[in-house]
Structures are given as structure tokens and as C-alpha cells.
Amino acid sequence: MATLRELWNPDIQQLQPYQPGKPIEALTRELGLTDIIKLASNENPRGPGPAVREALAKAATELNRYPDGSGIRLKAALAAHLDVEPGHVTLGNGSNDVLELIAKVVLTPGAEVVVSAHAFVVYGLATIAAGGRLVEVPAQNYGADLDAMLAAITPKTRLVFLANPNNPTGTWVGGDALRAFLAAVPPEVLVVLDEAYFEYMDDPDYPDGLALMRSFKNLAVTRTFSKIYGLAGLRVGYAVTGPVLADLLNRVRQPFNVNSLGLVAAEVALAEQNYVAESRRLNSAGLAQLEAGLAQAGLSCIPTGCNFLCVDM
């Protein structure tokens, strides 16, 4: 007689759990250190802005109530900020959540998903958990080789995950290259453009995925409040998709998948664009300082469009 484990999903059993950056508390327990600067999770060290902190204090008095399961206010604020329809927005418990929802909706057993080497590890986890098959394409200079990714698309391909800029390498794809890639992808293949670090980019050739969605109907964009907005602990992300996909995503997402504090904080943070701009400025200055120090120490790093550096040790 088979054991319970032998009857369970073998693909899931082959997965390795996602390994987040070690919490400061864990390092303190292990080594007894108290003066710690955490660089492992690409967080905004400034945290949320003052208006967000004030709004959170007020919202904390209502924690006995369930949040708005539809996130109407935040969706409306995002729609106005991004110039999209509210019905095209799906909220998630971080952008990880919406990435998994997309995989769940789009993939059937054996369907293929194309990703680049050095891509965000969650793409593989979401693919396998949804019964799909991950097709990893070798990178080019640590970044996505779009020609190779195109060549990897077969009649079984249903999804392409592309982070722009990419975590953990910091590389990005320029506008002309991305447009040519999207034009060549078969219309029945969904391309998910993960723009978690969108707000940190200042290269004039960096493309805005939402603008590209007007020309490419098989494109979806995901973003997050975890990075530049400083709300990583509250877990709020979102996807902007076509209305058909948005409807299906909302059928499979968990009720109340974004908590009430996250909804309030994200709405207020979205209005604090001066705070975002200051975070971007400080990040650019910090990157320049860190790159100069690394170069002086004889260490090279990959050019980055994010708030972190990948260093050759």
C-alpha cells in the first residue's frame, strides 16, 4: 500500500522552499550582533513616509473588521495613477501572489513557461505548483537573451516571465529590444512583465510596460509596493492585465488576500510621489557611492537598474 506522501503531487515534492533574506533578529540570535545593516532583501531603508505611518495608526483601531475584499479604493487610486481601468487591476499579497495567480489561471498540466537563467526564483515555484514545465534559457551577460527566449517558445508554451529590471542581477531590457520581442511572441502566449523595481529606473531607454500593453494584448504587468514605497512588511502588489484575465484572476484569488493595513498604506503611499522621488534620488546617490567603493576595493559589479548591486566576489 502506498504511503500518503507517495500519493501526493511529486512535482511539489521536488521543489525547494523560497529562501528569503535572513531577518536581523535571526542574525542577532545566532551571532550576538546588534549593529546590523540588512542588504539581503532589497528593501527601502527609509520605510514608509510620514503620512503612511499616520494612516496606519488610525487604521489599527479597525483591525477587528475584515478588509474590503475587492480593494475598491486602492484599485481606483491605482487606476487614476496609472491611467488604466479599475477592472484591469488585480491586487495581491505582494506581487508574488499575483504571479502565482497568473500561473494558476493560464497553465494546464504540462504547459511550458519560458524564463531566463538568473530570473526571480518565484517564477519556477509558481510554474511547478500549477503543473507547468519550466524552460530556462541561458542568460546573456547575466541578463535575458530575448532571441534565445523566442527560440525556446513551442506550441506548448503558454507563459513567458520576464523581470525588467531583473532580480537578482539588476539587468534590464531596452525599449526597442522589448518591442521587437513582444512583436515576435505568438499572440496565444502571455508575456508577464515583472516591474517590481520600475520606480527605480531612470534610463531613458527603459520601457514602460503599461504603455506597451496598448499595442500588445498578450502582455500583463506586475508591480509592487514592497520596494520603493517601503511597504515590504505589509505585502501589497498588483497586476495590470486585460479584463478577461483580470476577471479570471479574481475568481481564483483568496478572499481578503490584501489586509486592511496594506490597503490603507498603499493608497496613501501612492499619493506621496515626492517621497518616492526622494527615495529614487537617495538610491542613485547610494549606488554611485557603493560602486566607487567596490571599484576601489578591486571588485566589479553588474550595471544595475534596481536598488541593489550584484557583485563579483
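Note that the structure is predicted; figures quoted are calculated from it, not measured.

Trainee: For this particular structure, what's the right way to read the packing of aromatic side chains?
Mentor: How two aromatic rings sit relative to each other is given by the distance of their centres and the angle of their planes. The full count for this structure, using the stated rule, is 7 aromatic pairs. Note on Tyr197 and Phe308: the rings are 5.4 Å apart at their centroids and 75 degrees apart in plane angle, and the pair reads as edge-to-face. Pair noted here: Tyr197 is in the loop between β5 (190–194) and α10 (209–212) and Phe308 is in the segment after α13 (273–296), with a separation of 111 residues, a long-range link. Overall, the relative accessible area of 2% leaves Tyr197 in the buried class. Ring-pair connections join several aromatic residues into one group, and the members of that group are Phe120, Tyr123 and Phe161. We note Arg46 situated over the ring of Tyr275; from NZ or CZ to the ring centre the distance is 4.0 Å. The residue whose ring lies beneath Arg223 is Phe198, and the NZ or CZ to ring-centre distance is 3.6 Å.

Trainee: Looking at this structure, how should I read the packing of helix α4 (residues 50–59) against helix α12 (residues 260–271)?
Mentor: For any two helices packed against each other, one specifies the inter-axial angle together with the distance between the axes. Running from N to C, α4 and α12 cross one another at 150 degrees; their axes reach a closest spacing of 9 Å. With respect to each other, α4 and α12 are oriented roughly antiparallel. Here α4 and α12 pass one another in a crossing that is right-handed. Where α4 approaches α12, its residues Ala51, Val52, Ala55, Leu56 and Ala59 are matched on the opposing element by Leu261, Val264, Ala265, Val268 and Ala269.

Trainee: Before we go on, may I ask you to explain the pairing of strand β1 (residues 89–92) in this structure?
Mentor: Working note: regular strand, side chains alternate between the two faces of the sheet. The alternating pattern of β1 places Val89 and Leu91 and Thr90 and Gly92 on opposite faces, both of which are buried. Judged from the 4 bridges that link them, β1 and strand β7 (residues 237–240) form a sheet pairing that is antiparallel. The residue bridging Val89 from the neighbouring strand is Val240, located in β7.

Trainee: What's the story with the side chain of Thr241 in this structure? I'm lost.
Mentor: Note that Thr241 resides in the loop between β7 and α11 (243–252). Judged by relative accessible area, Thr241 falls into the buried class, the value being 0%. At 3.2 Å, the side chain of Thr241 and the backbone nitrogen of Ala246 are in polar contact. Not counting chain neighbours up to four residues away, the residues in contact with Thr241 comprise His88, Met213, Ala220, Ala246 and Leu249.

Trainee: I keep staring at a nonpolar patch on the surface and nothing clicks. Help me out?
Mentor: On the surface, Leu4, Leu7 and Trp8 cluster together to form a nonpolar patch covering roughly 390 Å² of accessible area. Considering the arrangement of structural elements, one finds Leu7 in helix α1 (residues 4–7).

Trainee: Hey, could you run me through the pairing of β7 in this one?
Mentor: Alternating residues of β7 divide into Gly237 and Ala239 and Tyr238 and Val240, and every residue in both groups is buried. Where strand β6 (residues 219–224) lies against β7, 4 bridges are found, and the strand directions are antiparallel. Bridging from a neighbouring strand, Val221 pairs with Val240 of β7.

Trainee: What am I meant to see in the nonpolar core here?
Mentor: One broad trend across soluble globular proteins is that nonpolar side chains are buried collectively. Among the nonpolar cores identified, the biggest contains 52 residues, and Leu78, Phe181, Phe225 and Leu231 are the most heavily contacted of them. For this core, the element with the most residues is α12, which contributes 6 residues. Among all residues touching Leu78, those that are not within four sequence positions of it are Asp83, Val89, Leu91, Phe225, Tyr238 and Leu270. Judged by nonpolar contacts, the second largest core, of 20 residues, contains Leu107, Ala111, Leu190 and Leu249.

Trainee: How should I be thinking about the packing of helix α6 (residues 95–106) against α11 in this particular structure?
Mentor: Across the interface, α6 lies against α11 with an axial gap of 9 Å and an inter-helix angle of 105 degrees. Taken together, the axes of α6 and α11 lie roughly perpendicular to each other. Between α6 and α11, the contacting residues are Leu101, Ile102, Lys104, Val105 and Val106 on the first element and Leu245, Leu248, Leu249 and Val252 on the second. Classifying every residue of the contact of α6 with α11 gives 8 nonpolar, no polar and 1 charged.

Parameters at a glance
Residues numbered from 1 in each chain as written. Predicted model: local features only at pLDDT ≥ 70, side-chain atom pairs only at ≥ 80, totals over all residues. Heavy atoms only, no water. Phe/Tyr/Trp six-rings, centres within 6.5 Å; stacked < 30°, edge-to-face > 60°. Helix = DSSP H or I, 4+ residues; strand = E, 2+ residues; numbered from the N terminus. Buried < 20%, exposed > 50% of the residue type's maximum accessible area, 1.4 Å probe, protein only. Lys NZ or Arg CZ within 6 Å of the ring centre and 35° of its normal. Axes fitted to C-alpha atoms, helices over the stretch in contact; angles between N-to-C directions. Parallel < 35°, antiparallel > 145°, perpendicular 65-115°, else oblique. Left-handed = near helix turned anticlockwise from the far one by under 90°. Contact = heavy atoms within 4.5 Å. Pairing = 2+ DSSP bridges. Polar contact = N/O pair within 3.5 Å; in protein donor to acceptor, adjacent residues only side chain to side chain. Patch = residues over 30% accessible without salt bridge, like charges linked within 9 Å, V, L, I, M, F, W, Y side chains within 5 Å. Areas by Shrake-Rupley, 256 points an atom, 1.4 Å probe, with all protein chains shown as cover. Salt bridge = Lys/Arg side-chain N within 4 Å of Asp/Glu carboxyl O. Core = buried A, V, L, I, M, F, W, Y, C linked by side-chain atoms within 4.5 Å. Nonpolar A, V, L, I, M, F, W, Y, C, P; charged D, E, K, R; others polar.

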